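Spelled out from the first residue to the last, the chains are:
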Amino acid sequence: MPNKSVDIIRPDTASVDLKLSSVASVNFSLTATPSVNVTVKNTDTPLFAPVINGVPTVSGVIRVGQTLTANAVSVSANPASTRVFRWERSDNGTTGWTTIQDSSTYTIQTADELKYIRVAQRETNSQGTTIANSASTSQVPAYTFLLDSFATNVSTAFSLRKLRASYSGNCIQVTKNGSDFENIGFSNNVLDTSSLQTFAGSDSVYVSKIYDQSGTGSANNLEQSSFSAMPKIWDSSSGLITRNNNPSIEMDGSSFLEMQNEITQTDDLAVFTIGFATSAGRYFDSSDQTTHLAIQSSSLDVTFSSTRKTQALSNDGLNNQYIWWVCRDTGIIRGRRNSTEYSTIGSGTVSGSAKFKTWGSGNQFFNGDIQEMIFYSAHKKDDAAAIITEINGFYFVF
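The following refers to the structure shown. (Residues numbered from 1 in each chain as written. Predicted model: local features only at pLDDT ≥ 70, side-chain atom pairs only at ≥ 80, totals over all residues. Heavy atoms only, no water.)

### Focus on the pairing of strand β27 (residues 269–279)
The buried count for β27 comes to nine of 11 residues, which makes it a mostly enclosed element. Note: β27 against strand β32 (residues 321–329), eight bridges, orientation antiparallel. Looking at the pairing, Phe276 lines up with Gln321 of β32. Note: β27 against strand β36 (residues 367–376), nine bridges, orientation antiparallel. Among the inter-strand pairings, Phe276 is bridged to a residue of β36, identified as Asp369. (Buried < 20%, exposed > 50% of the residue type's maximum accessible area, 1.4 Å probe, protein only. Helix = DSSP H or I, 4+ residues; strand = E, 2+ residues; numbered from the N terminus. Pairing = 2+ DSSP bridges.)

### Here we look at the packing of aromatic side chains
By the definition in use, this model includes 16 aromatic pairs. Between Tyr143 and Phe145 the ring centres are 4.8 Å apart and the planes differ by 75°, which places this aromatic pair in the edge-to-face class. Their ring planes at 45° and their centres at 6.1 Å tell us that Phe256 and Phe365 sit as a pair that is tilted. With Phe256 in the loop between β25 (249–252) and β26 (257–265) and Phe365 in the loop between β35 (354–359) and β36, this pair connects stretches of sequence that are 109 residues apart. Residue class for Phe365 comes out partly exposed when judged on its relative accessible area of 27%. (Phe/Tyr/Trp six-rings, centres within 6.5 Å; stacked < 30°, edge-to-face > 60°.)

### Some details on the side chain of Gln121
Examined against the element boundaries, Gln121 turns out to sit in strand β12 (residues 116–125). Taking the relative accessible area as the measure of exposure, Gln121 reaches 0% and is therefore buried. Not counting residues up to four positions away in its chain, the partners in contact with Gln121 are Ile52, Pro56, Ala72, Val73, Val75, Arg83, Val84, Phe85, Thr130, Ile131 and Ala132. (Contact = heavy atoms within 4.5 Å.)

### Quick look at the nonpolar core
With 50 residues, the main nonpolar core has Ile172, Ile233, Tyr283 and Phe356 as its most contacted residues. If you look at the next biggest cluster of nonpolar residues, it comprises 24 residues, including Leu163, Trp325, Ile388 and Ile391. (Core = buried A, V, L, I, M, F, W, Y, C linked by side-chain atoms within 4.5 Å.)

### Some thoughts on the sheet that holds strand β6 (residues 57–59)
The pairing of strands in a sheet comes from backbone hydrogen bonds and takes either a parallel or an antiparallel form. With antiparallel pairing, the three strands of this open sheet are ordered in space as β6-β7-β11. Every other strand in the sheet has two partners, leaving β6 and β11 (105–107) as the edge strands with one partner each. Shown here is a sheet whose adjacent strand axes are inclined to one another by a mean of 25°, direction ignored. Pairing of β6 with strand β7 (residues 67–71) involves three bridges; the strand directions are antiparallel. Bridging across to β7, Ser59 finds its partner in Thr69. (Axes fitted to C-alpha atoms, helices over the stretch in contact; angles between N-to-C directions.)

### Examining the pairing of β7
By the alternation rule, side chains of β7 split into Leu68 and Ala70, which are all buried, and Thr67, Thr69 and Asn71, of which none is buried. Bridging between β7 and β11 involves three bridges; their strand directions are antiparallel. From the neighbouring strand, Thr69 faces β11, where its bridge partner is Thr105.

### What about helix α2 (residues 193–200)?
Three or more residues of α2 are buried, namely Leu196, Phe199 and Ala200. The buried residues of α2 all sit within an arc of 100° when viewed along its axis, so they share a single face. Residues of α2 that are buried make contact with β15 (172–175), β16 (181–184), β18 (190–191), β19 (205–210), β21 (232–235) and β22 (239–240). Just past α2, the residue Gly201 takes up positive phi, approximately 60°. (Arc of directions from axis to C-beta.)

### Section: the environment of Phe181
With respect to the helices and strands, Phe181 occurs in strand β16. For Phe181, a relative accessible area of 39% gives the class partly exposed. C-alpha separation for the pair Phe181 and Val207, spaced 26 residues apart in sequence, amounts to 9.4 Å. The residues touching Phe181, leaving out its near neighbours within four places in the chain, are Gln173, Val174, Thr175, Ser208 and Met230.

### Considering helix α3 (residues 384–395)
When the terminal C-alpha atoms of α3 are compared, their 16 Å separation across 12 residues agrees well with the 16 Å that a helix rising 1.5 Å per residue should span. Residues Ala384, Ile387, Ile388, Glu390, Ile391, Asn392, Phe394 and Tyr395 constitute the buried set of α3. Residue Phe396 follows α3 closely and has a positive phi angle near 55°. (Expected span 1.5 Å × (residues − 1).)

### A short note on the pattern of salt bridges
Tallied over the full model, the rule gives 18 salt bridges. Glu88 serves as the salt-bridge partner of Arg118, at 2.6 Å between the closest nitrogen and oxygen. Residue Arg118 is located in strand β12, and its partner Glu88 is located in strand β9 (residues 82–90); the two are separated by 30 residues in the primary sequence. With relative accessibility at 16%, the residue Arg118 sits in the buried group. A salt bridge links Arg308 to Asp301, with the shortest nitrogen-to-oxygen separation between them at 2.5 Å. The exposed category is assigned to Arg308, whose relative accessible area is 54%. One network of salt bridges, with partners in common, ties together Arg161, Glu372 and Glu390. (Salt bridge = Lys/Arg side-chain N within 4 Å of Asp/Glu carboxyl O.)

This is the structure:
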């Protein structure tokens, strides 16, 4: 850095402070009398490489299809540093870390199953690069396909996740205006939300069809031909409709979907569903309203063949996400909410035809959102706890 010369002419005091930045040396030519004391001060802050004050953290659900977020810790550096988050995976969570991508968020992929993930906070300036690694996440669990384990007696199955490994169809059909339609499939075994976002652009998106994943050989899809009655899945302002970080279909009290062919069951049967109700309404219904599952503020109402059975709920059935199972077992109505089992709902038995036609209801409309519904032509009481455990393992309800 070049030397600098400073002339002091007719000082008013006998001493002068000079504050000079980035000066290696200073030559003074003093042309004043009397003599002057000169003090040179360098006001620069020393340059130094970034210092990361701790380690970053990772937030999010550790499961394929879920998005993780990197949370930075504070940094000291001069000059200021630039930041990059680098996601890495490892077979054992300790060694052998390999780079996945650089970004502030990361959506867990199928390739991450049974592996561990961490994020590195990298800070760089002209003086160097400093790296701090987060703790390893827990092991990413392998994705499970519910119907690969519980396919016996399944009638129809609807979900925003993939329910069987061999299913090769789409998840839903959507529209923005009721006239132009788009099929949306799966990515990493869950609804392909990237394709949905691309289709949405700046508009809201509504579901016109949910495809049956039962694999029974005769698909019985849920459909809605009236645009005004289609439930929403993407909002123009807030984006993807979700519940507990998972895609969800929003019923607004006037929307519902209908099966192509109404199911009629005269013997044992079971229904599993997961949803969030904001007011009293029916999760499913029949075309003649003789069969339905209704959630009230303090009770679960099950009606088969026009016979109503009621189960009081110990806390509100509304404004919470629940997994429900109801069945008819040799005429006895049974049920379960999350981990709470109701060995009998109401007294006596119920016979006659039970019909299933709609997701939601065109009669006592459903307000809230639903993510999954599976119908069986058997009571499934021996599998109910295991099925609910599997559903909960994906949705993390309780």
